[in-house]
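As a plain string of letters, each chain reads:
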Amino acid sequence: MENLLVLGGTGLLGRWVVRLATERGFVVRASGREELDLLRSDLEFGAFDAAINCAAYTAVDRAESEPEVAFRLNAGLPAQLAWAAAGRPVLHVSTDYVFNGESTRPYQPSDPVDPLGVYGRTKRDGELCLEGVGTIVRTSWLFGPERPCFPRAVLQRALSGQAVRVVDDQWGTPTHVADLARVLLDLLAISPGPGTFHAAGPEVVSWHQFATQLFREHNLQRGTALPDPEPIPTSAWPTPAPRPAFSALDSSDLWGMGIEAIPPLAEQISRYIRALD
Ligand SMILES: NC(=O)c1ccc[n+]([C@@H]2O[C@H](COP(=O)([O-])OP(=O)(O)OC[C@H]3O[C@@H](n4cnc5c(N)ncnc54)[C@H](OP(=O)(O)O)[C@@H]3O)[C@@H](O)[C@H]2O)c1
């Protein structure tokens, strides 16, 4: 049985990777922060046959004021993993925020990168550390039922009776973490070797369209009467970190390799709402 090391196994994505890998018969090792602080510069990864790195500094706005910590986790950790890999398969998860958002069509893996903020720059640095060694899988707009994420934030606000304003001029490809975890394990099974892939949901939507679909599905499944959120421009929601206006990812390379595509957003949202407490 294969020993799989999962870094960040308590995260939004990582916990699904741990769950699915265990179901598929891997012996999974996923140490928590208490046993293994991934900020250390002398990490010992122990024995493993393959590794998936889901750990990251993901606080996009806080990264602007903590660039060194973000760099240590998003680039220092991949650098140490690259060193430890010694020819073993390593999958590393990266982000749509390596792009500047000026594209008018979903980004291909080979498109030029130009990150706008500290988070995107440190994630790009992490990609460079693993280039030629690991398989880099960029994804976008992750959501899942068990950790804070955009759907949870907007639904909590709406359910508490507060007005919800959501930007309608940033576009991306929302991706349910259970679907991405399945794609990562399918990819590991075909041992693709070093390279960069995109793995994201099939629909390009704005944050406002995403929230609207969430609220309407919640109303259908749960009998609520949440009103549609109010659309606002990014200029009305200033944040410390700049964000790409368009960061949709084109994942067709992966589907062309025989990996089953991530299902439509409506299906992902329906599953997400069903799993809420
Ligand atoms: N979330 C998104 O919308 C999104 C979009 C595109 C790409 N991505 C990428 O997808 C990957 C997974 O993201 P995610 O949303 O699942 O992240 P997440 O929920 O923030 O999880 C990050 C993981 O890293 C761990 N971690 C952070 N600092 C650590 C430290 N010092 N020592 C040990 N563990 C540490 C966390 O542990 P704790 O549980 O202890 O905090 C957690 O397990 C990342 O590479 C991210 O860049 C995410």
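Refer to the structure presented above.
> Could you give me a rundown of the overall build of the protein, with the residues and numbers involved?
Helix and strand content of the protein: 8 helices and 12 strands. C-alpha extents for the protein along the principal axes are approximately 55 × 40 × 35 Å. Excluding contacts between residues fewer than 6 apart, the proportion of contacts in the protein whose partners are at least 24 apart in sequence is 82%. Of the roughly 12400 Å² of accessible surface on the protein, 52% is carried by carbon and sulfur atoms. Taken together, the 24 basic and 33 acidic charged side chains of the protein have centroids lying 4 Å from each other.

> Before we move on, could you go through helix α2 (residues 67-85) and cite the residues and values that matter?
Between its first and last C-alpha atoms α2 spans 26 Å; for 19 residues at 1.5 Å apiece the expected length is 27 Å, and the two agree. The largest bend in α2 comes to about 30°, at G76, with the proline P78 one to four residues further on. For α2, the complete set of buried residues consists of A70, L73, N74, A75, L77, P78, Q80, L81, A82 and A85. Buried residues in α2 make contact with β1 (3-7), β3 (50-53), β4 (90-95) and α3 (118-130). Taken from the residues just after α2, A86 is the one with a positive phi, measuring 45°.

> Explain the site of the ligand residue by residue, including any values.
With respect to spatial proximity, 26 residues lie near the ligand, and among them T10, R33, T58, Y119 and K123 are the closest. At 3.1 Å, a backbone N or O of V93 approaches an oxygen atom of the ligand. Interatomic distance of 2.9 Å between a side-chain N/O atom of R147 and an oxygen atom of the ligand. Against a free-state accessible area of 900 Å², the protein chains account for coverage of 86% of the ligand. Listing elements by their share of the shell around the ligand, those giving two or more residues are β4 and α3. By residue number, the principal contributor to the shell around the ligand is β4, which donates 3 residues. Of the residues assigned to the shell around the ligand, the class counts are 13 nonpolar, 8 polar and 5 charged.

> Go over the pattern of salt bridges, please, and point to the residues and values.
Close approach of charged atoms allows side chains with opposite charge to pair. Counting across every chain of the model gives 12 salt bridges. With a shortest N-O distance of 3.0 Å, D179 and R271 are connected by a salt bridge. Separated by 92 residues along the polypeptide, D179 in helix α5 (residues 177-189) and R271 in helix α8 (residues 265-274) bring together distant segments of the chain. Look at D179 and you get buried, because its relative accessible area is 7%. Note on R271: relative accessible area 23%, which makes it partly exposed. Across the salt bridge formed by R216 and D228, the nearest N and O atoms sit 2.5 Å from each other. Of this pair, R216 sits in helix α6 (residues 207-222) while D228 sits in the loop between α6 and β12 (230-232), placing them 12 residues apart in sequence.

> Quick rundown of the sheet that holds β1? Include the residues and the values.
Within the open sheet, the 6 strands sit side by side as β2-β1-β3-β4-β5-β10. Their pairing is parallel. What marks the edges here is a single partner per strand, and that holds for β2 (27-29) and β10 (195-198). For this sheet, the mean angle separating the axes of adjacent strands, direction not counted, is 20°. Note: β1 against β3, 4 bridges, orientation parallel. Residue L5 lies in a different strand from β3, and its bridge partner there is A51. With respect to the sheet, helix α1 (residues 14-23) is in contact with β1, β2 and β3, its orientation differing from that of β1 by roughly 170°.

> Before we move on, can you summarise α5 with the specific residues and values?
Spanning 13 residues, α5 covers 18 Å between terminal C-alpha atoms, matching the ideal 18 Å at 1.5 Å per step. In terms of burial, α5 is largely enclosed, as 12 of its 13 residues are buried. Those residues of α5 that sit buried are V177, A178, D179, L180, A181, R182, V183, L184, L185, D186, L187 and L188. Once α5 ends, the next one or two residues include S191, with phi positive near 40°.

> Explain the side chain of T173 to me, and be specific about the residues and the numbers.
As for its position among the elements, T173 is in the loop between β8 (171-172) and β9 (175-176). At a separation of 3.1 Å, a polar atom in the side chain of T173 contacts the main-chain amide nitrogen of L249. Every residue in contact with T173, bar those within four places of it in the chain, is listed here: S140, W141, A200, G201, E203, V204, S247, A248 and L249.

Calculation notes
- Residues numbered from 1 in each chain as written.
- Predicted model: local features only at pLDDT ≥ 70, side-chain atom pairs only at ≥ 80, totals over all residues.
- Heavy atoms only, no water.
- Helix = DSSP H or I, 4+ residues; strand = E, 2+ residues; numbered from the N terminus.
- Contact = heavy atoms within 4.5 Å.
- Areas by Shrake-Rupley, 256 points an atom, 1.4 Å probe, with all protein chains shown as cover.
- Lys, Arg positive; Asp, Glu negative; His and termini not counted.
- Charge placed at Lys NZ, Arg CZ, Asp CG, Glu CD.
- Expected span 1.5 Å × (residues − 1).
- Bend = angle between axes of the 7 residues up to and from the residue.
- Buried < 20%, exposed > 50% of the residue type's maximum accessible area, 1.4 Å probe, protein only.
- Near = heavy atom within 4 Å.
- Polar contact = N/O pair within 3.5 Å; in protein donor to acceptor, adjacent residues only side chain to side chain.
- Nonpolar A, V, L, I, M, F, W, Y, C, P; charged D, E, K, R; others polar.
- Salt bridge = Lys/Arg side-chain N within 4 Å of Asp/Glu carboxyl O.
- Pairing = 2+ DSSP bridges.
- Axes fitted to C-alpha atoms, helices over the stretch in contact; angles between N-to-C directions.

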